[in-house]
Amino acid sequence: MPKLSIEDLKKMREDAARKRILRDGESRVRITIHMGTCGIMSGARDVLKAVLSEVEASDLKDTIVTTSGCAGLCSREPMATVEIAGHAPVKYVDLTAEKVVRIVKEHIAGGTVVQELALAVGSEMTR
Amino acid sequence: MEPRLSVLICSGTGCASNKSMEVMDALRKEIATRGLEQEVEVVQTGCQGFCAVGPIVYVQPDDVFYQQVGVKDVPRLVEEHFLKGRPYKDKLYVPPMGGMPIPKLMDIPFFKSQVLVALRNKGLIDPEKIEDYIARDGYQALARVLTEMKPEQVIECVTKSGLRGRGGGGFPTGVKWASARKASGDIKYVLCNGDEGDPGAFMDRSIMEGDPHSVLEGMCIAAFAVGSSQGYVYVRKEYPLAVQRIEVAIEQAREFGLLGKDILGAGFDFDVEVRRGAGAFVCGESTALMASIEGNPGEPRAKYIHTVDAGLWNRPSCLNNVETFANVPMILQRGWEWFSSIGTGDVSQDPWGGSKGTKVFSIAGDVNNTGLIEVPMGTTLREIVFDIAGGLPEGKRFKAVQTGGPSGGFLPESLLNLPVDFDRLVEAGSMMGSGGMVVLGHDKCMVDSAKFFIDFTADESCGKCTPCRIGSKIMLQSLEKISEGKATEEDVEQLERVAHEVANLSLCGLGKSAPNPVLTALRYFRDEVMAHVHEKRCPAGECKALITYSIDAGKCTGCTLCAKNCPTDCITGERKAAHAIVTDRCIKCGSCKIVCNFDAVVVQ
Amino acid sequence: MQKILQIVEKWGGRKDCLIEMLHDVQTEYNHLPESALRVLSARLSVPLTQITHVATFYASFSLVPKGDTRLRVCMGTACYQKGGNRILEALERELKVKSGEVTPDGEFSLESARCIGCCGIAPALVVDDDDVFGKVNPTKMKKFVADIKKKKQAGKQSAAEA
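Residues numbered from 1 in each chain as written. Chains lettered and ligands numbered in written order. Predicted model: local features only at pLDDT ≥ 70, side-chain atom pairs only at ≥ 80, totals over all residues. Heavy atoms only, no water.

1. Things to note about the pairing of strand S12 (residues 371-376) of chain B
Residues and elements named next belong to chain B.
Link 1 in the chain: Of all six residues that make up S12, five are buried, and the element is covered over most of its length.
Link 2 in the chain: As paired elements, strand S11 (residues 358-365) and S12 share six bridges and run antiparallel to each other. Its bridge partner lying in S12, Ile363 is registered against Gly371.
Link 3 in the chain: The antiparallel hairpin formed by S11 and S12 contains five residues in its connecting segment. (Buried < 20%, exposed > 50% of the residue type's maximum accessible area, 1.4 Å probe, protein only. Helix = DSSP H or I, 4+ residues; strand = E, 2+ residues; numbered from the N terminus. Pairing = 2+ DSSP bridges.)

Written out as structure tokens, the structure is:
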């Protein structure tokens, strides 16, 4: 390991931003994949993996990907909830890996709700 | 792929003794079996502070806190939480007074009243990874200091912040640094006191184990301010994990160019070595500590000449405590205005005018939530003991809280609304010390407790000055007489007189403060002490010479458990019939009372 | 002798590192043998009286051998309040030695320790230097000692087999 300069130190801190928000548990964006038994059965694991790789690929450092239990609407699983600070949460239903990649790109990175995949805007909070 | 979950496992000495490292291995294995190793990171952290419920596992970003996690809980925990995304209910924290399990860390009373400065990275970083420290703004304050500030500005910032020494004395840190800067000499030393000898205090252990770089960064800033290029960390040998973590941290900091020559390319040199203590309480005293680093017996000297002028090897030396150093980077980073907005009093004119910032306390004894907490100066004893520490266990009533270890005193119920800061504690006859607080329930005897501390002091007195060496022995003898019911009023008068003499005449802080436990016991609990003298009775039932054990025949079910556990076989009785204790063979070890499930053993 | 010279070497032969060297000697031999102190004295040019002064001042050092297994019962404030003295008394009865002594077979030494900083899990005791046991119960000391003996026996056996 070469010795650090002031710039290296600052860069190391920036590069670790994801680690920081993850452990602090505070971020601008939070996407929750609902992983009840029915969700997992309907493919929530694949949805989760797709979200994780897309968040990584798009370098969304301010986004936390998390999971929670059954959202209660088993017939429309897999489901996900996107919460952006200052906006009402949005619930998406009947997801697939392809659909969720679109959500990450358009809603989280782009800021536009993907209307045709959304079940509702402004549902109950997940945290 | 970046992980989505961070599983933080406490590897502090408390949790590790409850096998937290085995739990960590089991978690890693289970996570791998389920194919989650890309998504879930497992991090070993320093002490989380809530030792009472360890091993502790904290999951972020979900803010879920698990307690008493064993290896056998791991498969369910991984399946429920990491796979299915819902908290594993069986291991969530349950409040001691009953109620629903609380999943969120920030909803747990123990955590929510705390304000973290010195413990800012508590449980959030891997103490053996410098990258983790840097990720949470580590060494940014040092970078600013080295590039944008002059030493005088650093000293001014620390002085204005109102930071006072966390090791007990409460000396203003900025004032000390200014004297060390002014002192003449080419070679100056920056020393870190990690000797933490106060029984009942473990915040410095926790910081050294959990966030060693915060101490090194603080030392480095101090070195720049006073003009030093060599530092020593003096750590008690009783803290092997702390020694190891500090050594690892020093290695990493050297590797990254944050210690050694030309730090961060800014042309400043500073390096640090570790010295292990060897089991002498007096080495927490500044001049004794310096003697010990030199390789000599740790005997203090009179301080006509201050150590900032002539300390280690007679050179100017700036000694601060672990927690003090851990505060320093935060002050430089967030500004003195922020730090001085927390706490009591006004330090704008006089650095002694108040107690600023936060203080870490270790809270132990008869409370539900034992552990480590950090609260703003000025928080009342009541808030600490009853709100944060969750009050006393069922069936126990509050009697006293002991602060400051052997240098401090016992504070009674009437002082529970006392705001805790350096000066209020001294006025009450106690001391901040390094921040140990031990809560005593109604069944603890003040004579016995005072005897405990004086026994400690008499044993640890280095023997150099007479008042401390002889005085502590005399105090111990008087207390022994009282606890055996052999004392007269004259003995109590003598005890009080000698206590004042030891306080006034001793050479160093150890002797000067040693009588505090005795003096506060007499000041606040005189009736109880006098019951030993006049009535030959120990109201709390602790002084062995004044109590007898017997069995309440009405409550005894004849289960024979006490007889089986009695080391002297002095309990007689048939199965399913009431038992009895043969008093003259009883050694009052208390085993029968501990094992009895029916509360049938009576102490009188 | 060779070992002592290595220890002196490790600390650069520096006089001020005497206490660190004594720690290493204590770890190596379980006490400070007189011969070792003489070597240190000669190598460091420090009078033997001075070394003995240091060796006897600090509680970590012992001039007589300690037991193979060192049991140290914490007597810090929190542990004392929670019955640390009862733990010590129970071990004194179990091992038939007083605190500060070594069992005649050299297997155990029993000591009281100053606070080990584990107040949150009081009462605590330490086996050897770093194996901490919290919330110990005085009525279970018989089993505790038996378990240590068993573990050591098993360790010896597996070492012999290997």
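2. Brief notes about the side chain of Ser292 of chain B
Link 1 in the chain: For Ser292 of chain B, the position within the fold is in helix H12 (residues 286-293).
Link 2 in the chain: Side chain to side chain, Ser292 of chain B and Tyr58 of chain C meet in a polar contact 2.9 Å long.
Link 3 in the chain: Discounting residues that sit within four places of it in the chain, Ser292 of chain B has contacts with Tyr234 and Cys283 of chain B together with Ile19 and Tyr58 of chain C. (Polar contact = N/O pair within 3.5 Å; in protein donor to acceptor, adjacent residues only side chain to side chain. Contact = heavy atoms within 4.5 Å.)

3. Description of the environment of Ala400 of chain B
Residues and elements named next belong to chain B.
Link 1 in the chain: As for its placement among the helices and strands, Ala400 is situated in strand S13 (residues 398-403).
Link 2 in the chain: As for Ala400 and Lys451, which are separated by 51 residues in sequence, their C-alpha atoms are 16 Å apart.
Link 3 in the chain: Once residues lying within four places of it in the same chain are set aside, the contact partners of Ala400 are Phe410, Leu411, Val438, Val439, Leu440, Met446 and Phe525.

4. Considering the interface of chain C and chain B
Link 1 in the chain: Between chain C and chain B, the residue contacts involve 46 residues of the former and 63 residues of the latter.
Link 2 in the chain: With both chains or domains summed, chain C and chain B bury close to 4300 Å², and 53% of this area falls on carbon and sulfur atoms.
Link 3 in the chain: Looking at the side of chain C facing chain B, the largest losses of area belong to Thr77, Gln81 and Arg114 of chain C, adding up to 16% of the total buried there.
Link 4 in the chain: There are seven salt bridges connecting chain C and chain B.
Link 5 in the chain: Note that Glu20 of chain C is salt-bridged to Arg276 of chain B, the shortest N-O span being 2.8 Å.
Link 6 in the chain: Run the count over chain C and chain B and you get 25 residue pairs in polar contact (both at pLDDT 80 or more).
Link 7 in the chain: Listed by contribution, the elements that provide at least two residues to the side of chain C that touches chain B are helix H2 (18-29), helix H4 (48-57), helix H5 (77-81), helix H6 (84-95) and strand S4 (131-133) of chain C. (Buried area = accessible area lost by both parts, 1.4 Å probe. Salt bridge = Lys/Arg side-chain N within 4 Å of Asp/Glu carboxyl O.)

5. Some remarks on unusual backbone geometry
Link 1 in the chain: In this model, Gln60 of chain B is joined to Pro61 of chain B through a cis peptide bond whose omega is 5 degrees.
Link 2 in the chain: You can see Pro61 of chain B is positioned in the loop between strand S3 (57-60) and strand S4 (64-66).
Link 3 in the chain: Cis geometry is found at the peptide bond from Ala122 of chain C to Pro123 of chain C, where omega equals -10 degrees.
Link 4 in the chain: Looking at where Pro123 of chain C falls in the secondary structure, it is placed in the loop between strand S2 (108-113) and strand S3 (125-127).
Link 5 in the chain: One non-glycine residue with positive phi stands out, namely Lys19 of chain B, at about 70 degrees.
Link 6 in the chain: Inspection of the secondary structure puts Lys19 of chain B in the loop between helix H1 (13-17) and helix H2 (20-33).
Link 7 in the chain: One non-glycine residue with positive phi stands out, namely Ser45 of chain C, at about 55 degrees.
Link 8 in the chain: Inspection of the secondary structure assignment puts Ser45 of chain C in the loop between helix H3 (34-44) and H4.

6. Some thoughts on a negative patch on the surface
Link 1 in the chain: On the surface, Asp68, Asp105, Asp128, Asp130 and Asp131 of chain C cluster together into a patch of negative charge.
Link 2 in the chain: Structurally, Asp105 of chain C can be placed in the loop between H6 and S2. (Patch = residues over 30% accessible without salt bridge, like charges linked within 9 Å, V, L, I, M, F, W, Y side chains within 5 Å. Areas by Shrake-Rupley, 256 points an atom, 1.4 Å probe, with all protein chains shown as cover. Lys, Arg positive; Asp, Glu negative; His and termini not counted. Charge placed at Lys NZ, Arg CZ, Asp CG, Glu CD.)

7. Some details on the state of the cysteines
Each disulfide is one covalent bond, formed between the sulfur atoms of two cysteines.
Link 1 in the chain: For the structure shown, the criterion picks out zero disulfides over all chains.
Link 2 in the chain: With no disulfide of its own, Cys556 of chain B lies 5.9 Å from the sulfur of Cys562 of chain B, the closest cysteine sulfur.
Link 3 in the chain: Cysteine Cys79 of chain C remains unbridged, with the sulfur of Cys74 of chain C as its closest cysteine sulfur at 3.7 Å.
Link 4 in the chain: On the basis of relative accessibility, which here comes to 2%, the residue Cys79 of chain C falls in the buried class. (Disulfide = S-S within 2.5 Å.)

8. Things to note about the packing of aromatic side chains
Link 1 in the chain: Under the counting rule described, the total for this entry stands at 22 aromatic pairs over all chains.
Link 2 in the chain: For the pair Tyr133 of chain B and Tyr139 of chain B, a centre-to-centre distance of 5.3 Å together with 85 degrees between the ring planes defines the contact as edge-to-face. You'll find Tyr133 of chain B and Tyr139 of chain B in the same group, each marked buried.
Link 3 in the chain: When the ring of Phe386 of chain B is compared with that of Phe398 of chain B, the centres are 6.0 Å apart and the planes differ by 50 degrees; the resulting orientation is tilted. You can see Phe386 of chain B sitting in helix H15 (residues 381-388) and its partner Phe398 of chain B sitting in strand S13, a full 12 residues away along the chain.
Link 4 in the chain: An aromatic cluster is defined as three or more aromatic residues linked by ring pairs; in this entry it consists of Phe50, Phe65, Tyr93, Phe110 and Phe111 of chain B.
Link 5 in the chain: Residue placement shows Lys359 of chain B over the ring face of Phe361 of chain B; its charged tip is 5.8 Å from the ring centre.
Link 6 in the chain: Above the plane of the ring of Phe108 of chain C lies Lys152 of chain C, whose end atom (NZ or CZ) is 5.7 Å from the centre. (Phe/Tyr/Trp six-rings, centres within 6.5 Å; stacked < 30°, edge-to-face > 60°. Lys NZ or Arg CZ within 6 Å of the ring centre and 35° of its normal.)

9. Some words on the pairing of strand S6 (residues 230-235) of chain B
All names here are of chain B.
Link 1 in the chain: For S6, a buried count of six out of six residues is recorded, marking the element as mostly surrounded by other parts of the structure.
Link 2 in the chain: Of the two faces of S6, both are covered, the one formed by Gln230, Tyr232 and Tyr234 as well as the one formed by Gly231, Val233 and Val235.
Link 3 in the chain: Pairing between strand S5 (residues 189-194) and S6: six bridges, direction parallel. Opposite Tyr189, over in S6, you have Gln230 as the bridge partner.

10. Things to note about the packing of helix H18 (residues 466-483) of chain B against helix H19 (residues 489-505) of chain B
Residues and elements named next belong to chain B.
Link 1 in the chain: Their axes nearest at 9 Å, the elements H18 and H19 cross at an angle of 155 degrees. The angle between H18 and H19 falls in the class roughly antiparallel. H19 is crossed by H18, and the crossing has left-handed handedness. For the pair H18 and H19, the contacting residues are Pro467, Cys468, Gly471, Ser472, Ile474, Met475, Ser478, Leu479, Lys481 and Ile482 in the first and Asp491, Val492, Gln494, Leu495, Val498, Ala499, Val502 and Leu505 in the second.
Link 2 in the chain: Among the residues forming the contact of H18 with H19, the class breakdown is 12 nonpolar, four polar and two charged. (Axes fitted to C-alpha atoms, helices over the stretch in contact; angles between N-to-C directions. Parallel < 35°, antiparallel > 145°, perpendicular 65-115°, else oblique. Left-handed = near helix turned anticlockwise from the far one by under 90°. Nonpolar A, V, L, I, M, F, W, Y, C, P; charged D, E, K, R; others polar.)

11. Points about the sheet that holds S4 of chain B
Link 1 in the chain: Across the sheet, which stays open at both edges, the four strands sit in the order S2-S1-S3-S4 (chain B) with mixed pairing between neighbours. Of all strands in the sheet, those with a lone pairing partner are strand S2 (40-45) and S4 of chain B, marking the two edges. Each strand of the sheet is rotated relative to its neighbour by a mean of 20 degrees, with strand direction disregarded.
Link 2 in the chain: Where S3 of chain B and S4 of chain B come together, three bridges link them in antiparallel fashion. Looking across to S4 of chain B, one finds that Val57 of chain B is bridged to Tyr66 of chain B.
Link 3 in the chain: Together, strand S1 (5-10), S2 and S3 of chain B form the strand contacts of helix H2 (residues 17-24) of chain A, whose direction differs from that of S1 of chain B by roughly 65 degrees.

12. Quick look at the sheet that holds strand S4 (residues 90-92) of chain A
In a beta sheet, neighbouring strands pair by backbone hydrogen bonds and run either parallel or antiparallel.
Residue and element names in this part refer to chain A.
Link 1 in the chain: Strand order in the open sheet formed by five strands is S2-S1-S3-S4-S5, and the pairing between neighbours is mixed. Edge positions in the sheet fall to strand S2 (63-68) and strand S5 (118-121), since each of these pairs with one other strand and no more. Going across the sheet, the axis of each strand differs from the next one's by a mean of 20 degrees, ignoring polarity.

13. Examining the side chain of Lys66 of chain C
All names here are of chain C.
Link 1 in the chain: With respect to the secondary-structure elements, Lys66 resides in the loop between H4 and strand S1 (69-74).
Link 2 in the chain: Looking at Lys66, the relative accessible area reads 14%, which means it is buried.
Link 3 in the chain: For Lys66, the side chain forms a polar contact with the side chain of Glu111, separated by 3.3 Å.
Link 4 in the chain: What Lys66 contacts, discounting residues up to four positions off in sequence, is Gln26, Asn30, Val102, Ser109 and Glu111.

14. Considerations on H15 of chain B
All names here are of chain B.
Link 1 in the chain: Restricting attention to buried positions, one finds in H15 the residues Leu381, Ile384, Val385 and Ile388. Buried residues along H15 cover an arc of 125 degrees about the axis, so they all sit on one side.
Link 2 in the chain: Buried residues along H15 sit against helix H4 (109-112), S11, S12, S13, strand S14 (409-412) and strand S15 (436-441).
Link 3 in the chain: Note on H15: the residue one or two positions beyond its end, Gly390, has a positive phi of about 75 degrees. (Arc of directions from axis to C-beta.)

15. As for the domain arrangement of chain C
Link 1 in the chain: Looking at chain C, the domain boundaries give domain 1 (2-57) and domain 2 (69-161).
Link 2 in the chain: Taken over C-alpha atoms, the centre of domain 1 of chain C sits 28 Å from the centre of domain 2 of chain C. (Domains from an automatic or database assignment.)

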